[in-house]
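Fold and contact review
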Amino acid sequence: MSNKIVFETDAFAATKEVWLKASDYLGINKETGTSEIKRLSPNKVQIISLSGDILAELSATVKGNKKVWSQNKTVY
């Protein structure tokens with residue numbers, strides 16, 4: 001499976017910036033509170049439901065002063 005770049009952030013982006021861009025990309029309504037972000041490392045995050053199901057997994061590669069994020073896994 002080829003990983004497609006889905007969004008970019010600053011190289012030192014806080015989890016909040018990653019969450020905002022990831023939720024916009026995935027179409028997740030942040031205000032409903034039905035999912036959360038779990039930062040596994042500086043370059044890897046999971047979006048999980050409150051029941052613990054993995055909705056998506058994203059990883060980043062540093063390119064200069066940016067991180068390009070790609071989607072690894074979607075379970076929906």
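Computed from a predicted structure; not experimentally measured. (Residues numbered from 1 in each chain as written. Predicted model: local features only at pLDDT ≥ 70, side-chain atom pairs only at ≥ 80, totals over all residues. Heavy atoms only, no water.)

It is worth spelling out the side chain of Glu-57 at this point. Within the fold, Glu-57 resides in strand S4 (residues 54-63). At 3.0 Å, the side chain of Glu-57 forms a polar contact with the side chain of Gln-46. (Helix = DSSP H or I, 4+ residues; strand = E, 2+ residues; numbered from the N terminus. Polar contact = N/O pair within 3.5 Å; in protein donor to acceptor, adjacent residues only side chain to side chain.)

Where strand S3 (residues 44-49) meets S4, 5 bridges bridge the pair, whose relative direction is antiparallel. Bridge pairing in S4 links Ile-48 to Ile-54. Following S3, the chain reverses through 4 residues before pairing antiparallel with S4; Gly-52 in that reversal takes a positive phi of roughly 100 degrees. (Pairing = 2+ DSSP bridges.)

Per the counting criterion, the structure on display carries 1 salt bridge. For Lys-44, the salt bridge identified is with Glu-57, shortest N-O distance 3.6 Å. Residue Lys-44 is located in strand S3, and its partner Glu-57 is located in strand S4; the two are separated by 13 residues in the primary sequence. By relative accessible area, Lys-44 is classed as partly exposed at 30%. (Salt bridge = Lys/Arg side-chain N within 4 Å of Asp/Glu carboxyl O. Buried < 20%, exposed > 50% of the residue type's maximum accessible area, 1.4 Å probe, protein only.)

Moving on: the environment of Lys-44. As a C-alpha pair, Lys-44 and Asn-72 span 28 residues in sequence and 9.7 Å in three-dimensional space. Those residues in contact with Lys-44 that sit more than four places away from it in its chain are Lys-38, Arg-39, Glu-57, Leu-58, Ser-59 and Trp-69. (Contact = heavy atoms within 4.5 Å.)

A few words on the confidence of the model for the chain. Interpreting fine coordinate detail is not advised for predicted regions of low pLDDT. Scored by pLDDT, the chain comes out at a mean of 85, with 91% of its residues at no less than 70. Per-residue pLDDT, averaged within each element of the chain, yields its smallest value for strand S5 (residues 66-74) (84) and its largest for S4 (92). (pLDDT = per-residue confidence, 0-100.)

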